[in-house]
Amino acid sequence: MKSAVITFPGINRERDMLMALEATTGVKPISVWHTEASLPNVDLVIVPGGFSYGDYLRCGAIAARSPIMADIKAKAMKGLKVIGVCNGFQIITEAGLLPGVLMRNADLHFVCREVKLKIENNQTFFTNKMTKGQIVSCPVAHGEGNYACDGETLKRLEGEGRVVFRYAEGSNPNGATNDIAGIINERGNVIGMMPHPENMIEPLHGKVDCRPLFESLIAA
Amino acid sequence: MMKHAASEPAITPEIVASHGLKPDEYDRFLKLLGRVPTMTELGICSAMWNEHCSYKSSKKWLKTLPTSGPRVLQGPGENAGVIDIDDGQAIVFKMESHNHPSFIEPYQGSATGVGGILRDVFTMGARPIAALNALRFGEPSHPKTRHLVSGVVAGVGGYGNSFGVPTLGGEVNFHKSYNGNILVNAMAVGLADADKIFLSKAEGVGLPVVYLGAKTGRDGIHGATMASAAFEANAEEKRPTVQVGDPFTEKCLLEACLELMASGAVIAIQDMGAAGLTSSAVEMGAKGNLGIELDLDKVPCRETGMTAYEMMLSESQERMLMVLRPEMEKQAEAIFVKWGLDFAIIGKTTNTLRFIIKYQGEVKADLPIKEMGDNAPEYDRPWIEPKKLPVIDASTIPAPADLKGAILKIIGSPDMCSRRWVWEQYDTLIGSNSAQLPGGDAGVVRIQGQKAIAVSSDVTPRYVYADPFEGGKQAVAESWRNLTCVGAEPIAFTDNLNFGNPERPEIMGQLVFAIKGIGEAARALDFPVVSGNVSLYNETMGTGILPTPTIGGVGLLRDLAKMTTIKFKNEGDVILLVGGHGHHMGQTVYLREIEGREEGAPPAVNLAKERKNGDYVRGLIQASQITAVHDISDGGLLVAIIEMALPTGFGASLNKLDHIQMFAEDQSRYVVTCSPESAAKIIATGNAIQIGLISREAQLSIDSGFSISMAELKDAHEGWFPTYMKG
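The rules behind these values
- Sequence order sets the numbering: in each chain, residues are counted from 1 along the sequence as written.
- Written order decides the labels, with chains lettered from A and ligands numbered from 1.
- Where local features are concerned, this predicted model is filtered to residues with pLDDT of at least 70; where side-chain atom pairs are given and counted, the filter is 80 or more; whole-chain, interface and lining totals use all residues.
- Only hydrogens and water are removed before side-chain values are computed, so all heavy atoms of the structure are retained for them.
- Buriedness of a pocket was judged along seven lines, with at least five required to meet protein on both sides within 12 Å; pockets are open sets of points on a 1 Å grid over the protein atoms alone, cavities are sets where a 1.4 Å probe fits but cannot get out, and lining residues have an atom within 4 Å of a point.
- Grid points are joined across faces, edges and corners, and a volume is the space filled by probe spheres set on the points.
- Here a strand is any run of E in DSSP of at least two residues, a helix any run of H or I of at least four, and the numbering for each starts at the N terminus.
- Charged means Asp, Glu, Lys or Arg here, nonpolar means Ala, Val, Leu, Ile, Met, Phe, Trp, Tyr, Cys or Pro, and polar covers whatever is left, Gly included.
- Every residue carries a pLDDT, the predictor's confidence in it, which falls somewhere between 0 and 100.
- Strands qualify as paired when DSSP identifies two bridges or more between them.
- A fitted line through C-alpha atoms serves as each axis, taken over the contacting stretch for helices, and the angle formed by two N-to-C directions is quoted from 0 to 180°.
- Contacts were defined at the residue level, with two residues in contact if any of their heavy atoms lie within 4.5 Å.
- Buried area is understood as the total, over both parts, of accessible area removed when two parts are fitted together, assessed with a 1.4 Å probe.
- Each reported salt bridge corresponds to a side-chain nitrogen of Lys or Arg within 4 Å of a carboxyl oxygen of Asp or Glu.
- A 3.5 Å cut-off defines polar contacts: any pair of N or O atoms within that distance qualifies, except that in protein one atom must be a possible hydrogen donor and the other a possible acceptor, and neighbouring residues in sequence count only when both atoms are side-chain atoms.

Trainee: Summarise empty space enclosed by the protein; cite the residues concerned and give the values.
Mentor: Residues and elements named next belong to chain B. Going through the model one piece at a time under the given rule, you end up with 2 cavities of 30 Å³ or more. The calculated volume of the largest cavity comes to roughly 100 Å³. Taken together, Asn173, Phe174, His175, Tyr178, Asp415, Val459, Thr460, Pro461, Arg462, Leu546, Arg592 and Asp634 form the lining of the largest cavity. If you list the elements that add at least two residues to the lining of the largest cavity, you get β5 (167–174) and α17 (461–466). Counted by class, the lining of the largest cavity contains 5 nonpolar, 3 polar and 4 charged residues. There is about 50 Å³ of room inside the second largest cavity. Lining the second largest cavity, in full, are Val114, Ile117, Ala131, Leu132, Asn133, Val156, Gly160, Thr167, Ala186 and Met187. Those elements that place two or more of their residues in the lining of the second largest cavity are α7 (106–122), β4 (127–137), α8 (145–163) and β6 (183–193). A per-element tally of the lining of the second largest cavity places β4 first, with 3 residues. Split into classes, the residues belonging to the lining of the second largest cavity amount to 7 nonpolar, 3 polar and no charged.

This is the structure:
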């Protein structure tokens, strides 16, 4: 399974993601700079976390209009797998690959802490090694993770089982609607999530709860 | 002799005074020049000779500190200190203050403090891997405190999180002496290759001097001068002197600089911090015994119509100055274009030892570079030996009428409670290498494989006030102890000396004796200082802060598998005390919170005992003999034990303790836990005594007669900060 990690100016969690992918899949991902017109031949693209363009205008708004995003969108329409984590989720949502918006955390503070995530959908390419309803620990680190969407979209997301991760046991850190932490698109090839699974995969991290998510990528 | 342009204003005594130069300093300047200065020259001199840039009041004393050691690659004098951590790797680190700006504008003041210290580290070729910050605020009841806490924490987090460095440690204290002068000390720690450290001293005559980074604007002009003066009632008016930061630009600058350094284009490089272009250019030239000539027409500006004076003193952030290998100009420029930053050749190095500024066809400044830089004035300010406060006889301290109430009050007090409200606003995980997060004795970050470094920020200002010599020793000892507690070998420290007005002999006496104490401890513990910062004039309307010499320690952990934490691990583990029971109640948290007295001599530090006990505990850790360890500091023995139990579901059942043993703050002591088998061996050596056991029940019980639930303790511990900040 070949993957690429996209970097924009201000992205700062690409190294965490590269480390996690290499440690779990055994394959070193390709790093792609945002000005590239097209992707290399890969099965999976990850847009990692950070503060691309300093969160100017809106989080992810400027990065979403970078040259590489056009090719990512085109290939995603044809089934390329995409995962957006934190700022990455914001970027792919701004680019129209997922519905809804990520707004400022309800209490207006940046928050970095461990939360509990419920695996609502274990049929995705990132959750196939989990059991449905399983609860895992995972850290968050964001100031604008408050997921919101209109009523129609929410009905569809919930109705179609497209909420992949939900904050559990009262651990919602940002006020997100319906405790939504991560969603998947209709076609089932694009996932966006606010928490940082790449920071919970080895003993140093205290827990390895999110390792099986990455292992799911190989099985998918 | 240079003829001044007709546009130069007359230099009046008022203009000199508003620049922070004393009459005798101005006379010295006149003699040096042999003529009246231009405004630009006056601005440059006032910036270079102010306390913040010249260290004129403290240099004499700082020279007495030990700065070398087998692992020290670069001591004080450069942008940051450098230590060797084996395998061809080095750690680059420093702590710096941004006190005055943060009081005026808490968000930007603290944000740019973080930005500045990060630059000091990456300008030497090191990628920042950890940040810490020591914050001191006024008393909680003061009308400004909540706003300052909110702004400072948001600013520190806002800059560090966006830039992308994990914040792994720090301190927060509240005391009325900081009501008019808060302290924001920011520390950065970076990783570099030991043979690829970049220095700031210019080398080579006729080489291009290049401006890198963000454009220059009018922000922060005279920031350095503002930091060198005490506040009067009109502090708010100084708001335009606070710099404005952009962490995104700094992140781009970091990546661009590291790429530039890897390309071989850099001969010397320095960040533009206090007094911006002036201090960076003067320091680079003076250190290298070279002159510098600048053409300000080439400086990228974001404001129109800036004068030479403004350009030289602007403290616009996220800028660097370097001496370039001329044949690599194209390559170097391309890197900065890629990252969206300015790259402009603005001058050259010369062999005249003059600092010459040209602008719009005129020579705006022509100054002797050494006398502006490393030959700036140095003072031997008069000082009075601080009066020692009397040792309080513990037998005069009554036992608390309500022990449970006293414990809850202490654990829930502003200085002792959980700081979770603060550090959950910092990204503590970015980099995926955080091995120990805030809340323990030291932050720990993995370097590679099993190798890691430990970092900690420490000082007990009330001890320093009561006895600057003992307090200075204690700050260093506590740093050394905290690094020891996680299993690290303490290597070196950086210091941030925050004091009041040095023109007052009693304040100067605090500085002199604190430095003596710091030096004594550093020598006894083989723990040298490699970098640092001095912040004086922390005083408002004549009232100074508690003397606060913050120590930022770094240690090396060779095997992460042996790292220890403060958390209780197993039911039935024996709780041991290393260093014996305490008797000293002067300047304790107990005396202040329960008796309402801030009195007495602080606990003395016996450095031989400190060394012996620390080396012993580190040995136990290396031999995997203990399961948890925590040093005893603020609050004493009982608080230390509570802090070890709180993050777990365990409790403790302790043997009999009197109130002095519970709350005394004698130094050089540790609480360790281990299996009963290990305990027997350790106790047999005579180095520790058993004081209790870890219990499954979530209760803290003492001698079966007294008990308090961990749940109640947790509520008190976690409750104060969020409740206070909700207002």
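Trainee: An account of the confidence of the model for chain B is requested, with residue identities and associated values reported.
Mentor: Per-residue pLDDT for chain B has a mean of 95; in total, 96% of the residues score no lower than 70. Among the scores for the predicted complex, ipTM is 0.96 and pTM is 0.96.

Trainee: Which residues make up the sheet that holds strand β21 (residues 548–557) of chain B, and what values do they have?
Mentor: All names here are of chain B. If you walk across this open sheet you meet the 6 strands as β14-β15-β16-β21-β17-β18, and the pairing is mixed. If you trace the sheet from one side to the other, it starts and ends with β14 (434–436) and β18 (529–535), each paired once. In this sheet, adjacent strand axes meet at a mean angle of 25 degrees when their direction is disregarded. Across 6 bridges, the pairing between strand β17 (residues 489–498) and β18 is parallel. Within β18, the position partnered with Asp495 by the bridge is Gly532. Packing against the sheet, helix α19 (residues 505–524) makes contact with β17 and β21, and its axis sits at approximately 175 degrees to β17.

Trainee: A description of the interface of chain B and chain A should follow, citing residues and the corresponding values.
Mentor: Between chain B and chain A, the residue contacts involve 27 residues of the former and 25 residues of the latter. Of the roughly 2100 Å² buried between chain B and chain A on both sides combined, carbon and sulfur atoms contribute 56%. Of all residues in chain B, Phe248(B), Glu424(B) and Ser432(B) bury the most surface against chain A, accounting for 28% of the area lost on that side. Taken together, the connections running from chain B to chain A amount to 3 salt bridges. For Asp427(B), the salt bridge is made with Arg13(A), and the minimal N-O distance between the two is 2.7 Å. At the boundary of chain B and chain A, one finds 12 residue pairs in polar contact (both at pLDDT 80 or more). When residues of the side of chain B that touches chain A are traced back to their parent elements, those giving at least two are α8, α10 (247–263) and β14 of chain B. Sorting elements by how many residues they give to the side of chain B that touches chain A places α10(B) first, with 4 residues. Residue classes in the side of chain B that touches chain A are distributed as 10 nonpolar, 10 polar and 7 charged.

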